[in-house]
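Structure at a glance
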Amino acid sequence: RLASVDVLVDETYAPQPRSYDFAAFKDTYELSGSEAYGFLTSSRVARVDGTLSEGDDLDWYEARLARPDWAVVGLARVLHPGLFHTRRFFRNIAANEVPEIIKAASCQRTLPACDATAKAEAIALLGGMDEQATNAAPPRSAAIAAVSVIATALVAKAV
């Protein structure tokens with residue numbers, strides 16, 4: 001059955017995700033790398049630990065807001081290398097990608113959990129009718145566009 005799998009998403013728990021690489025994946029599943037599995041020959045083994053906090057927390061689980069549009073684009077980047085450049089959530093360990101670290105210094109706002117003097121702010125709705133969201137295209141349009149591109153690429157591959 002594995003011979004027909006072109007892309008594999010490995011969700012194995014890794015207590016130290018920065019050190020989990022393709023060699024660790026092959027060891028975990030007792031693979032030599034010479035097997036005729038599509039995901040090995042195409043070098044497409046994805047993980048959801050592509051973006052981590054400084055404390056090795058996975059952005060996939062810890063992000064402040066759910067962003068399915070980012071997930072679609074991130075997975076599309078692994079499925080179709082070269083078509084998408086934005087890296088979100090996913091990394092391809094078969095291509096020797098390492099996690100990107102999100103540092104506290106990159107935060108644009110101080111959150112109340114980090115500073116007692118900071119005030120809580122309303123979270124803008126994604127694609128909602130609030131003032132900030134009306135100035136930008138709804139994120140779901142990005143996800144729909146990404147899915148459309150993936151579907152088109154898959155149809156083109158099948159033909």
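Residues numbered from 1 in each chain as written. Predicted model: local features only at pLDDT ≥ 70, side-chain atom pairs only at ≥ 80, totals over all residues. Heavy atoms only, no water.

Before going further, it helps to examine unusual backbone geometry. We note that Glu30 has phi near 50°; this positive angle belongs to a residue other than glycine. On the secondary structure map, Glu30 appears in the loop between helix H1 (22–28) and helix H2 (38–41). Looking at Glu30, the relative accessible area reads 73%, which means it is exposed. A positive phi angle, close to 60°, is found at Asn96, a residue other than glycine. Looking at where Asn96 falls in the secondary structure, it is placed in the loop between strand S4 (91–92) and strand S5 (100–102). A relative accessible area of 64% means that Asn96 is categorised as exposed. (Helix = DSSP H or I, 4+ residues; strand = E, 2+ residues; numbered from the N terminus. Buried < 20%, exposed > 50% of the residue type's maximum accessible area, 1.4 Å probe, protein only.)

Across the sheet, which stays open at both edges, the three strands sit in the order S1-S2-S4 with mixed pairing between neighbours. Only two strands of the sheet have a single partner each, and these edge strands are strand S1 (8–9) and S4. When strand S2 (residues 45–47) meets S4, the two strands line up antiparallel, connected through two bridges. Residue Arg47 lies in a different strand from S4, and its bridge partner there is Arg91. (Pairing = 2+ DSSP bridges.)

In this structure, Leu8, Ala14, Tyr20, Phe22, Ala24, Phe25, Leu31, Phe39, Leu40, Val45, Ile93 and Ala94 together form the largest nonpolar core, which totals twelve residues. Residue assignment for this core shows that the elements contributing at least two residues are H1 and H2. In terms of residue count, the dominant contributor to this core is H1 (three residues). Not counting the four nearest positions on each side in its chain, Ala14 is found in contact with Tyr20 and Arg47. Listed in part, the eight residues of the second largest apolar core include Val48, Leu58, Val78 and Phe89. (Core = buried A, V, L, I, M, F, W, Y, C linked by side-chain atoms within 4.5 Å. Contact = heavy atoms within 4.5 Å.)

As a further point, take the pattern of salt bridges. The full count for this structure, using the stated rule, is seven salt bridges. Between Glu100 and Arg87 there is a salt bridge whose closest N-O contact spans 3.8 Å. Of this pair, Glu100 sits in strand S5 while Arg87 sits in the loop between helix H4 (68–79) and S4; the two residues are 13 residues apart in sequence, bridging distant segments of the chain. With a relative accessible area of 36%, Glu100 lands in the partly exposed category. Exposure remark for Arg87: the relative accessible area of 17% places this residue in the buried category. (Salt bridge = Lys/Arg side-chain N within 4 Å of Asp/Glu carboxyl O.)

As a further point, take the confidence of the model for the chain. When pLDDT is averaged along the chain, the result is 79, and 76% of the positions lie at 70 or above. Across residues 130–138, where pLDDT falls below 50, the model places ten contacts with residues more than four positions away in sequence or in other chains. (pLDDT = per-residue confidence, 0-100.)

Turning next to the environment of Trp70. By secondary structure assignment, the location of Trp70 is in helix H4. Taking C-alpha positions, Trp70 is 7.6 Å from Phe89, a pair spaced 19 residues apart along the chain. Those residues in contact with Trp70 that lie beyond four places of it in its chain are Arg88 and Phe89.

Evaluated as defined, the whole model comprises seven aromatic pairs. Judged by centre distance (5.3 Å) and plane angle (70°), the rings of Trp60 and Phe90 are edge-to-face. Of this pair, Trp60 sits in helix H3 (residues 59–62) while Phe90 sits in the loop between H4 and S4, placing them 30 residues apart in sequence. Judged by relative accessible area, which is 5%, Phe90 ranks as buried. Centre to centre, the rings of Trp70 and Phe89 are 6.3 Å apart; their planes meet at 45°, and the pair counts as tilted. Here Trp70, found in helix H4, pairs with Phe89, found in the loop between H4 and S4; they are 19 residues apart in sequence, far enough to count as distant. Taking the relative accessible area as the measure of exposure, Trp70 reaches 28% and is therefore partly exposed. (Phe/Tyr/Trp six-rings, centres within 6.5 Å; stacked < 30°, edge-to-face > 60°.)

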